[in-house]
Each structure stands twice: as structure tokens, then as C-alpha cells.
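Chain residues, written in single-letter form:
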Amino acid sequence: DHDAAAMTKRWYRGDSGEMETTLSAKEQELLSVAQPRADAIYERHVRLPKLDDIPSHNLPDGTASAAGSKEEMELDVRRKRLVYRAKQRGWLEVDLLLGTWANQNVHSLGADELDQFEQFVNLETIDI
């Protein structure tokens, strides 16, 4: 039956081991286009913010040229970014729990603790 072969479906059955694991030629072609784009988006998403990436008109007055406070300003930007990301995960329960904790505690975290928290925030929501 030609129609049955043309209408092959891919099924996902959890951990049953019956998942189709090979990609068709068309799927492989689409993946080769989509994967580099997805990797670039993810890299921008998790990259640490730098003051050089922020237009000077978006910085508080006088801080754009203050070299001594550049590291502290970058930490401040990073903290604000992490609080935002903790509040905007997409699942209400996680947003409330993680966002509330971040809002109350991230300002007091040092660089190493920020690294650890950022690794946590980068996890998939379901893993949190």
C-alpha cells in the first residue's frame, strides 16, 4: 500500500524505547539549517553582559566613562539580568518562587555565587 508508506508517522513514547531515533533526509536538512541558528540564540541568551555591549545612553549618567567602577557596574547589570530571567521563566509557579528568591537575595551574591546561580537559571524549567 503506497499511501501507508507515504504516511509514516513519528511517535514518541517516553522511556519505552520505541522512539524513532533516525532522521529522514528532509529532517536532517532542516536540522542543519536550524541548529546553527539555535546555537547562536542560546549563546546570546547565556552570555555574560559587558558594559561595552550596552549603549552609553542606557547607562546612568557619569558611569559610562568611570573606569574604576566598570567591574561593579558589570556585576550590577548581571544581577539585574539574573533577577529578570528568574522572574520570566514561563511557568507561574517557578516564576514566583525563583523570582521572589532572586529579588531578595541576588543583590548580596558574590561573583562565584552568581556563577552558580546563573548555571541554575540556565537549566530547563522542568529540571528546576
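Quick word on the overall build of the chain
(1) Moving on: The secondary structure content of the chain amounts to five helices and zero strands.
(2) Moving on: Within the chain, the fraction of its 128 residues that count as buried is 20%.
(3) Moving on: Sequence-distant contacts, at least 24 apart, represent 51% of the contacts inside the chain between residues at least 6 apart.
(4) Moving on: Carbon and sulfur atoms provide 54% of the accessible area of the chain, an area that totals close to 10000 Å².

Overview of the nonpolar core
(1) Moving on: Judged by nonpolar contacts, L82, V83, A86, V94, L98, A102, V106, L109, L114, F117 and V121 together constitute the single largest core of eleven residues.
(2) Moving on: Taken together, the elements giving at least two residues each to this core come down to α3 (70-87), α4 (92-105) and α5 (111-121).
(3) Moving on: Those residues within four positions of V121 in sequence are excluded, and the remaining contacts are L82, R85 and R89.

Brief notes about helix α2 (residues 25-46)
(1) Moving on: In a regular helix each residue adds 1.5 Å, so 22 residues correspond to 32 Å; α2 covers 31 Å between its end C-alpha atoms and thus fits that length.
(2) Moving on: The axis of α2 is deflected most strongly, by about 30°, at A34, and proline P36 appears within four residues downstream.

Quick notes on the packing of α3 against α4
(1) Moving on: At their nearest, the axes of α3 and α4 sit 7 Å apart, and the two run at 160° to each other. Classed by the angle they form, the pair α3 and α4 counts as roughly antiparallel. Between α3, through V83, A86 and K87, and α4, the contact on the second element is made entirely by V94, D95, L98, G99, A102 and N103.

As for α5
(1) Moving on: Of all the positions in α5, only L114, F117, E118 and V121 are classed as buried. Across the axial projection of α5, the buried residues extend over an arc of 105°, all falling on one side. Seen from the open side of α5, the exposed residues pointing more than 90 degrees away from its buried face are D112, Q116 and Q119.
(2) Moving on: Contact partners of the buried residues in α5: α2, α3 and α4.

Description of the layout of surface pockets
(1) Moving on: What the largest pocket holds in volume is close to 210 Å³.
(2) Moving on: Every residue lining the largest pocket is listed: Y42, H45, V46, Y84, R85, Q88, R89, V121, N122, L123, E124 and T125.
(3) Moving on: Mapped by element, the contributors of at least two residues to the lining of the largest pocket are α2 and α3.
(4) Moving on: Among the elements that make up the lining of the largest pocket, the one with the highest residue count is α2 (three residues).

Cut-offs applied
The residue count restarts for each chain, going from 1 along the sequence in the order it is written. Given that the model is predicted, a residue must reach a pLDDT of at least 70 before its local features are reported, and side-chain atom pairs must reach 80 or more before they are shown or counted; all residues, however, enter totals for whole chains, interfaces and linings. By convention in this description, side-chain values take in all heavy atoms of the structure and omit both hydrogens and water. Only DSSP runs of H or I covering at least 4 residues are called helices, and only runs of E covering at least 2 are called strands; the numbering of each starts at the N terminus. Categorising residues by exposure relies on relative accessible area from a 1.4 Å probe, with only protein chains included: less than 20% of the type maximum marks a residue as buried, more than 50% marks it as exposed, and the intermediate range marks it as partly exposed. Any two residues having at least one pair of non-hydrogen atoms within 4.5 Å are treated as being in contact. Method for areas: the Shrake-Rupley scheme with a 1.4 Å probe, in which residue coverage is limited to the protein chains shown. Within this scheme, the nonpolar core is defined by two criteria: the residues are buried Ala, Val, Leu, Ile, Met, Phe, Trp, Tyr or Cys, and they are joined through side-chain atoms within 4.5 Å. Take the residue count of a helix, subtract one, and multiply by 1.5 Å to get its expected span. Axes are fitted to the seven residues ending at a residue and to the seven starting at it; the angle between these axes is taken as the bend at that residue. Note on method: axes are straight lines fitted to C-alpha atoms, helices fitted across the in-contact stretch only, with angles between N-to-C directions ranging 0 to 180 degrees. Should an angle fall under 35 degrees it is called roughly parallel, over 145 degrees roughly antiparallel, and 65 to 115 degrees roughly perpendicular, with every other angle called oblique. Throughout, the arc means that of the directions going from the helix axis to the C-beta atoms. Cavity means a closed set of points on a 1 Å grid over the protein atoms alone, one where a 1.4 Å probe fits but cannot get out, pocket means an open set with protein on both sides within 12 Å along at least 5 of 7 lines, and lining means a residue has an atom within 4 Å of a point. Grid points are joined across faces, edges and corners, and a volume is the space filled by probe spheres set on the points.

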